Amino acid sequence: MGVILEDLEQEVKAIHADQNDLNVVGKRIKRIEALAKALGTARYAADLKRDDMLIGKALFAKHPHALIKKIDTSRAEELEGVIAVMTAKDLPGRNGYGILIPDKPVIAEKKVKYQGDPVALVAAVNEEIAKKALDLIEVEYAVLPALDDPREAMKDDAVLIHENHPAADKGNILTEVSLTRGDVDKAFAEADIIIENLYETPMVDHSYLEPDVCIAEPDPITGGLLLIAPAQFVHATKRSLAPVFNLPPNKVRVLSPVVGAGYGGKEDSCLDVCSIAGVLALRTKKTVYFELTREEIFRNTGKRHATYIKHRLAATREGKVTAIDVETILDKGAYVSMGGLREPTHAVTQRTVMYAGGAYAIPNARAKSYSVFTNHPYSCAMRGFGAPQAYFAVESQMDELARKLEMDPIELRLKNIVRDGDRTIFGQVMKKSRGLGLEECIAKVKERMEWEKPLERTAGSRKRGRGFSTFLYGTGVPLPFEGASCYATFQTDGTVSIAVSSTEMGQGLLTAFTQIAAETLGVDFDNVVVNISDTDASPDAGPTVASRSTTVVGNAIINGCTQLKNRIMDFASRELKADSRDIDIKEGKVFIVGKPETAVPLGSMVAKAFVNQVPLSATGVWYPPRPTFSGEDGQGDPMHAYAFGAQGVEIEVDTETGEIDIVKFVLACDVGKAINPVNVEQQMEGGAAMGIGWSLMEEIDMSNGVMKNDSFKNYPIPSIKDVPEMDLIIVEHPNELGPFGAKGIGEPPTVPTAPAIRNALYDALGIKFNKIPFTPQRVIEEIKKYENKNS
Amino acid sequence: MILDNFEYIEPETLKEVTEVLLSYGPEVYVLAGGTDLVVKMHRGTVKPSCIIDLKHVMPVLRYIELDSSQELIRIGSLTTFNDLVTSKLIREKVPVLAQAAGCVGSRQIRSRGTLGGNLCSALPSADTPPALLVLGARAVLAGKDGERILPLNSFFKSPGQTNLFPGEVLKEVEIPLTGRENRGCYLKHTKRRALDLALVGVAAFLEFNNNTISECRIAFATAAPTPVRAYEAEDVLRNKPLPLEKEVIASAVSAARSCARPRTSRRATAEYRLDMIEVLTRRALNNCLSTDDYNNCGGARNE
């Protein structure tokens, strides 16, 4: 391994040789918004509430699956202080919305399909009256059996949740995505070893701290609406909801101040709150404030898809994986959300297929995923977007294979990982030129884990074990519109404004964008201001999801800034009487290269340019190579670049209580280029902490469509004491198409944690844990089962 | 957060509190730290018509003192968890109580929440009751006819219910000190390591005299509808000579299991809780018998 590392060091040095002259990018710069957030002065959407706003409230379904027989709102309407009561018949436009397809009603009319369906809305002068009014609304239901298990719901005789769903394939099956590559049956017939297991992963909540709120304000001049809400995709919010309001999209403005985390959830939940606040505001012609309670956030908003995965893997005696055959059933919940339709928007369902073979060059593959409606909250995007589920299965399978072959699990992975020129199971060629740092990640984790040293397995009731996992994860969305636009503007003093519709939700995008703009233009970091998330102030940058913003939007910013820079250099060449190709801008000065005495402050050059008819604004755009992916055979080039990573954990299990202590946690991610290493480390820590919560404690408990743990009291997420100190390694193999070489980092760190812990558990106890989470009780139950079987 | 309307009273004296309690019906609630009550009101599971806020009484009921006889520690009922955790007197004389108080909720909750609130909420999962039970603590209650003393093992009636008479208020908690060598330990088992309710909690207390266990008390959280003592397990160890045989501890542990009547909830099954009561009882007893530093309570997720 030492030799490999040395070779890698050489390679890395060569890779970074041309990046040494960066002034802002790559520096550990403090978050722009950190101080205001720490002081509590940063203003989130809820902080913009004013006393003169009406308060909106919604009456949500009493039963998760039922027909609405009758609604009587008369008593609520008579209550003093109630300004409006609305049912489905009072809506101004289309009674449906959704990012992919408008299948979720603003107000349920004939049927409720989960606990979060609104049946009536109220606007009142204060919250107390609004709540009272809800109590006065009488709804008569005819209760239907609720479906909890997608494996049951997909059967032919199951009760139909959607009578006429616009996109459903068959019965309760929303969609089916398939992947085929090579000759799978032949490979299995010829295999030396076949590993077959069932895996289950739970539905979990995003647990963002900022609640979902919306302030909806009618615009008296245009007749349109302003919606202020935490959102992850302001332009799509506008597009999806304009028909709901019966307004053209240019009369709907969506604005998202700093967001208190989203993790994928606020792509959809903002539609939930904006639709309700918006129709109430149009109805009352007043500004309406609408906020979901924490319990409503738990019950109503999107969740991570629960999955049931049957994974078969074939290999040779030498440890070469020859084929996989995987079937995944996803709990879709009640509505499509980001669950996926037919090509090309198969979203989460597609990722479970795409990542079914992990980071390995496997020649034969068959993967089928079914997304099935249930009476659960709609499953949506959540950090990793289907990948954590797929990797839990495949990385567990790799561990089982290593065990069966009595081969070191890292050695086994090195035999199978994708290398330059290899194809993934979805047929994409992995290219060194787009950054391929997987092997370096593996080598570094192995070294820091001291993997070669035999593990000290403590005696007594505490048992130690080690686990390992790897991943590859695409940057961006594989949708035909993938790309981003922004505005870049020079103020006449040489300071810079960037307008971009992305969201700052704690990931540090404001800081990274500022660094990218400052570096490109050669100005000080402090002289750039990035304005975010306002549909009227900036063009569509696409969603703030899919680990795409730094890369895709970052490139658009470089494009916009480069246009401005070229104009100024062109103008300066006339002023300084030199060829524009000899002009450069650095540290706020314009100069002829090699002649520092010619330096002019950028501000005065820009001011001069302004009065000489040089336009100071530009639209920056960037599109990746057009994504492809066929829903028929699952082949294509869905993303232009991939992040890679490896993780090792060492755990100590208390075999009497079932508690798991993570004693060593090493995570390496190849991010192409860390625009801001502090941000990257924070993303790694946060993502891994989320992975720990998913692995050890989080699980939404649904029974007959009713959520049993809809509060933080009953839904534990990791506390600071549950998260170990992490050894984080940033690996940088530049992506030739990324800004300064960057690839995505937002979601990847969530991917490898669960299988790494699972594999460590197996190592410690010799017991397979194929179902997440590994709660202390479940660990004890499995130990008892194992002991009973072996006694 | 908007709460339903309620009457709000802030009495100046303990006497006033009992008068108000008597003149209002059962829908009157006493507000101490609010860490239980306000949460329930927010959730809508409790809808008080009247709230008696004890904030003006707090200064007189927030104290930890050693009685002049040196045989009693008195703790005012509005003493906060953090007061207990940081009190030199508690840490020196009855550290098991500091341990229990230190694993309640989070720092913020420990700064607001009070000992009296923890007892009067009478939740089976509360952390300080098992510690106080093994210390043989007594509740001093103030009512319209004066004060009375109730041993803590007669204090709890059912989940959320105490044996206080109408109009009575918990004034203070008395902990008797015998002066003999002793050691206590509280272990709490949770799903996560902070800010979580006890899946089970076990407090153990041993007193030593002439190389014999002169007194043994064991008590549980979340093992029955109320905080409870495990009398049969205590009997196994009382008056046993030191050092204890492993078998003796084992039989005390299995007696402890028989004393517990936990229920299955979505947080944990009864079976698992029983298993954990065994493990925690053994560990707590071993800790009481060891001479290790108090901070080394193996397996406990205590602060």
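Residues numbered from 1 in each chain as written. Chains lettered and ligands numbered in written order. Predicted model: local features only at pLDDT ≥ 70, side-chain atom pairs only at ≥ 80, totals over all residues. Heavy atoms only, no water.

### Looking at the overall build of chain A
Stage number 1. The number of helices and strands found in chain A is 19 helices and 28 strands.
Stage number 2. In terms of overall size, chain A behaves like a compact globule, its C-alpha atoms giving a radius of gyration of 27 Å where 791 residues would be expected to give roughly 28 Å.
Stage number 3. Dimensions of chain A along its principal axes, counting C-alpha atoms only, are 85 × 80 × 50 Å.
Stage number 4. Within chain A, buried positions represent 64% of all 791 residues.
Stage number 5. Look at the contacts in chain A between residues 6 or more apart in sequence, and 80% of them connect residues 24 or more apart.
Stage number 6. As displayed, chain A offers around 28,400 Å² of accessible surface, 49% of which is attributable to carbon and sulfur atoms.
Stage number 7. Chain A carries 91 positive and 109 negative side-chain charges, and their two centres are separated by 2 Å. (Helix = DSSP H or I, 4+ residues; strand = E, 2+ residues; numbered from the N terminus. Rg over C-alpha atoms; globule rule 2.2 N^0.38 Å. Buried < 20%, exposed > 50% of the residue type's maximum accessible area, 1.4 Å probe, protein only. Contact = heavy atoms within 4.5 Å. Areas by Shrake-Rupley, 256 points an atom, 1.4 Å probe, with all protein chains shown as cover. Lys, Arg positive; Asp, Glu negative; His and termini not counted. Charge placed at Lys NZ, Arg CZ, Asp CG, Glu CD.)

### Thoughts on the domain arrangement of chain A
Residues and elements named next belong to chain A.
Stage number 1. In terms of domains, chain A is made up of domain 1 (2-16 + 303-478 + 628-790), domain 2 (51-144 + 219-293) and domain 3 (483-622).
Stage number 2. Relative to domain 2, the C-alpha centre of domain 1 lies at a distance of 37 Å.
Stage number 3. Facing 24 residues of domain 1, the contacting portion of domain 2 comprises 19 residues.
Stage number 4. For the pair domain 1 and domain 2, the summed buried area comes to about 1,700 Å², and 63% of that belongs to carbon and sulfur atoms.
Stage number 5. Taken as a group, Y335, N375 and Y378 account for 39% of the area that domain 1 buries against domain 2, more than any other trio of residues on that side.
Stage number 6. Scanning the region where domain 1 abuts domain 2 turns up 0 salt bridges. (Domains from an automatic or database assignment. Buried area = accessible area lost by both parts, 1.4 Å probe. Salt bridge = Lys/Arg side-chain N within 4 Å of Asp/Glu carboxyl O.)

### What to know about the environment of P145 of chain A
All names here are of chain A.
Stage number 1. Along the chain, P145 turns up in the loop between β6 (138-143) and α5 (150-153).
Stage number 2. Separated by 230 residues in the primary sequence, P145 and N375 have C-alpha atoms spaced 9.3 Å apart.
Stage number 3. Ignoring sequence-local partners within four residues, the contact set of P145 consists of H65, V159 and N375.

### Topic: the packing of aromatic side chains
Each aromatic ring pair is summarised here by two numbers: the centre-to-centre distance and the angle between the ring planes.
All names here are of chain A.
Stage number 1. In total, this model carries 12 aromatic pairs over all chains according to the counting rule given.
Stage number 2. Here Y114 and Y378 contribute two aromatic rings whose centre-to-centre distance is 6.3 Å and whose plane-to-plane angle is 75°, an arrangement assigned as edge-to-face. A residue pair is termed long-range when its members are at least 10 positions apart, and Y114 in the loop between β4 (111-112) and β5 (118-124) and Y378 in the loop between β15 (364-373) and α11 (387-405) qualify at 264 residues. The same class applies to Y114 and to Y378, which are both buried.
Stage number 3. When the ring of F769 is compared with that of F774, the centres are 5.9 Å apart and the planes differ by 75°; the resulting orientation is edge-to-face. (Phe/Tyr/Trp six-rings, centres within 6.5 Å; stacked < 30°, edge-to-face > 60°.)

### Let's talk about the pairing of strand β11 (residues 252-255) of chain A
Residue and element names in this part refer to chain A.
Stage number 1. The alternating pattern of β11 places V252 and V254 on a buried face, while none of R253 and L255, on the opposite face, is buried.
Stage number 2. Note that strand β10 (residues 225-228) and β11 share 4 bridges and pair parallel. Residue pairing across strands places L226 opposite R253, the latter belonging to β11. (Pairing = 2+ DSSP bridges.)

### Brief notes about the pattern of salt bridges
Stage number 1. Scanning the model with the defined rule gives 88 salt bridges over all chains in all.
Stage number 2. Residue R43 of chain B is joined to D710 of chain A by a salt bridge in which the shortest nitrogen-to-oxygen separation is 2.7 Å. You can see R43 of chain B sitting in helix α2 (residues 37-43) and its partner D710 of chain A sitting in the loop between β27 (706-707) and β28 (727-731), one on each of two chains.
Stage number 3. Its relative accessible area of 7% is what places D710 of chain A among the buried residues.
Stage number 4. The residue E174 of chain B makes a salt bridge to R74 of chain B at a minimum N-O spacing of 3.4 Å. One end of the pair, E174 of chain B, is in strand β10 (residues 169-176); the other, R74 of chain B, is in strand β5 (residues 72-76), and 100 residues separate them in sequence.

### Side note on the interface of chain B and chain A
Stage number 1. If you look at the interface, chain B gives 24 residues, while chain A gives 31 residues.
Stage number 2. For the pair chain B and chain A, the two sides together bury roughly 2,600 Å², of which 42% comes from carbon and sulfur.
Stage number 3. The largest contributions to the chain B side of the interface with chain A come from R192, R193 and R266 of chain B, which together make up 27% of the buried area.
Stage number 4. Where chain B touches chain A, the interface holds 10 salt bridges.
Stage number 5. The salt bridge partner of R283 of chain B is E656 of chain A, with a shortest N-O separation of 2.8 Å.
Stage number 6. Top contributing element to the side of chain B that touches chain A by residue count: helix α12 (residues 270-289) of chain B, with 7 residues.

### A few points about the state of the cysteines
Stage number 1. The tally for this structure, following the rule as stated, stands at 0 disulfides over all chains.
Stage number 2. Cysteine C259 of chain B is unpaired, with the sulfur of C216 of chain B as its nearest cysteine sulfur at 11 Å. (Disulfide = S-S within 2.5 Å.)

### Focus on the domain arrangement of chain B
Residues and elements named next belong to chain B.
Stage number 1. Considered domain by domain, chain B is made up of domain 1 (2-53), domain 2 (59-176) and domain 3 (182-301).
Stage number 2. Counting residues at the interface gives 10 residues for domain 1 and 17 residues for domain 2.
Stage number 3. Both sides of the domain 1 and domain 2 interface together cover about 1,000 Å² of buried area, and 72% of this is carbon and sulfur.
Stage number 4. Here domain 1 is connected to domain 2 by 0 salt bridges.

### Remarks on the sheet that holds strand β7 (residues 146-151) of chain B
All names here are of chain B.
Stage number 1. Spatially, 5 strands are ordered β4-β5-β10-β6-β7 in an open sheet, and the strand pairing comes out antiparallel. Pairing within the sheet leaves two strands with one partner each, and these edge strands are β4 (64-66) and β7. With strand direction ignored, the average angle separating the axes of adjacent strands in the sheet is 25°.
Stage number 2. Taken together, the 5 bridges between β5 and β10 define a ladder with antiparallel strand orientation. Following the sheet pairing, L72 is matched in β10 by P176. (Axes fitted to C-alpha atoms, helices over the stretch in contact; angles between N-to-C directions.)

### Overview of the packing of helix α7 (residues 234-241) of chain A against helix α8 (residues 269-284) of chain A
All names here are of chain A.
Stage number 1. Contact geometry of α7 with α8 gives a least axis separation of 10 Å together with a crossing angle of 50°. The orientation of α7 relative to α8 falls into the category oblique. By crossing handedness, the relation of α7 to α8 is classed as right-handed. Contact with α7, carried on its side by T237, S240 and L241, involves C270, L271, C274 and S275 of α8 and no other residues of that element.
Stage number 2. Class assignment for the residues of the contact of α7 with α8 results in 4 nonpolar, 3 polar and no charged. (Parallel < 35°, antiparallel > 145°, perpendicular 65-115°, else oblique. Left-handed = near helix turned anticlockwise from the far one by under 90°. Nonpolar A, V, L, I, M, F, W, Y, C, P; charged D, E, K, R; others polar.)

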